[in-house]
Amino acid sequence: MGLPIEKRRSESWEFHEFSRARRWLQRFTLLRLVESFCQYQPLEVGGQKRSNGDRECELRWRLIEKALVRCEANTLLDLGCAEGFFVRRVATEKGWFCLGVDGDIRRVTVAQSAVLLDNVRGTAFAYSLLTPEFVRRLPCFDVVLFLSILHHVMIEHGIEYAQNMMGAIRSRTCVRLIFDMGQSDEHDQEWSKSLPTMFPDPATWIMAFLSECGFSEVQVIGESSAYQGKGSRVLFMATP
């Protein structure tokens, strides 16, 4: 008995969509996964918002988009991409090639599944813990996003390791870094007590820290709400 035609033509260069039944199954599986845990970022599937997320992202995106208006770039790396909100926005609105990396396999699965289901081209996601060694193995990207991750690194591994991480990120950044981190003045968060005291204020301290890590032209591009809207965080842009 011969194989079905679609299986016999294994070396064809033709591109095919999933059937309606398979797309329904893909969508059903994704939505069930989304319902199984809390989303960090807002998530859209099929033109409908499926989750508001624990972190406000629209304002941060507007600030990032405005900062990158005159930036000559066409690739983006999002380290700690969660459900891929920024990867998706940059790919759809700017047409850049975008890679997102995250150590939470649930979020990477949601991110990849959502962009494939919605036919968002030019995107990819990688599952990996973020370490300086891993970052240095990556190719260079024009723009790197490193948002709300470093305070966790600093608390767990210390400030010297955090500096090493930022040095690795600088080596992979061609044009601009977009950066924010948890601040010592976020008193509603228990972890804020474990951070260095950011004297005289978080913006000044973080700008000095990024400069010490080798970044130049560090500037504030705005503020957005912190995790679950508790306080605010300063958003920065820096040149490697």
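Above this text sits the structure in question.
Residues numbered from 1 in each chain as written. Predicted model: local features only at pLDDT ≥ 70, side-chain atom pairs only at ≥ 80, totals over all residues. Heavy atoms only, no water.

K.L.:
Just checking my understanding: could you explain the sheet that holds strand β9 (residues 232-239) for this structure?
P.N.:
Consider a sheet: its strands pair through backbone hydrogen bonds, and that pairing is either parallel or antiparallel. What the seven strands build is an open sheet, ordered β5-β4-β3-β6-β7-β9-β8; its pairing is mixed. Of all the strands in the sheet, the pair left with one neighbour each is β5 (123-127) and β8 (216-225). Taken pair by pair, the neighbouring strands of this sheet meet at an average axis angle of 15°, ignoring direction. Judged from the three bridges that link them, strand β7 (residues 173-180) and β9 form a sheet pairing that is antiparallel. The residue of β9 that forms the bridge with F179 is F236. Across the face of the sheet, helix α5 (residues 105-117) comes into contact with β4 (97-102) and β5 while running at roughly 165° to β5. Contacts between helix α8 (residues 159-172) and the sheet are confined to β3 (75-79), β6 (141-147) and β7, with β7 contributing the most and set at about 140° to the helix. (Pairing = 2+ DSSP bridges. Helix = DSSP H or I, 4+ residues; strand = E, 2+ residues; numbered from the N terminus. Axes fitted to C-alpha atoms, helices over the stretch in contact; angles between N-to-C directions. Contact = heavy atoms within 4.5 Å.)

K.L.:
Any chance you could explain the nonpolar core here in plain terms?
P.N.:
As a rule of thumb, soluble globular proteins bury nonpolar side chains together. Residues L79, F146, L150, M166, L177, F179 and L210 are the most contacted members of the largest nonpolar core, which totals 36 residues. Core analysis: the second largest hydrophobic core is formed by 29 residues, C81, F85, V90 and W96 among them. (Core = buried A, V, L, I, M, F, W, Y, C linked by side-chain atoms within 4.5 Å. Buried < 20%, exposed > 50% of the residue type's maximum accessible area, 1.4 Å probe, protein only.)

K.L.:
What's the story with the pairing of β3 in this structure? I'm lost.
P.N.:
The two faces of a sheet get side chains in turn, since along a regular strand they alternate between them. Most of β3 sits inside the fold, with five of its five residues counted as buried. Residues T75, L77 and L79 line one face of β3 and the alternating positions L76 and D78 line the opposite face, and both faces are buried. Pairing analysis gives five bridges linking β3 to β4, with the strands arranged parallel. Residue L76 lies in a different strand from β4, and its bridge partner there is C98. As a crossover connection, the stretch from β3 through helix α4 (residues 85-94) into β4 is right-handed. (Right-handed = clockwise from strand over helix to strand, strands pointing away.)

K.L.:
Teacher, can you tell me more about the packing of helix α3 (residues 58-67) against α4 here?
P.N.:
Helices that pack against each other are described as a pair by the angle of their axes relative to one another and the distance between those axes. Relative orientation of the contacting elements α3 and α4 amounts to 45°, with a least axis distance of 11 Å. Between α3 and α4, the interaxial angle falls into the category oblique. In this structure, the crossing between α3 and α4 has a hand that is right-handed. Within the contact between the two elements, α3 uses E58, R60, W61, I64 and E65 and α4 uses F85, F86, R89, V90, E93 and K94. Of the residues that constitute the contact of α3 with α4, the class distribution is five nonpolar, no polar and six charged. (Parallel < 35°, antiparallel > 145°, perpendicular 65-115°, else oblique. Left-handed = near helix turned anticlockwise from the far one by under 90°. Nonpolar A, V, L, I, M, F, W, Y, C, P; charged D, E, K, R; others polar.)

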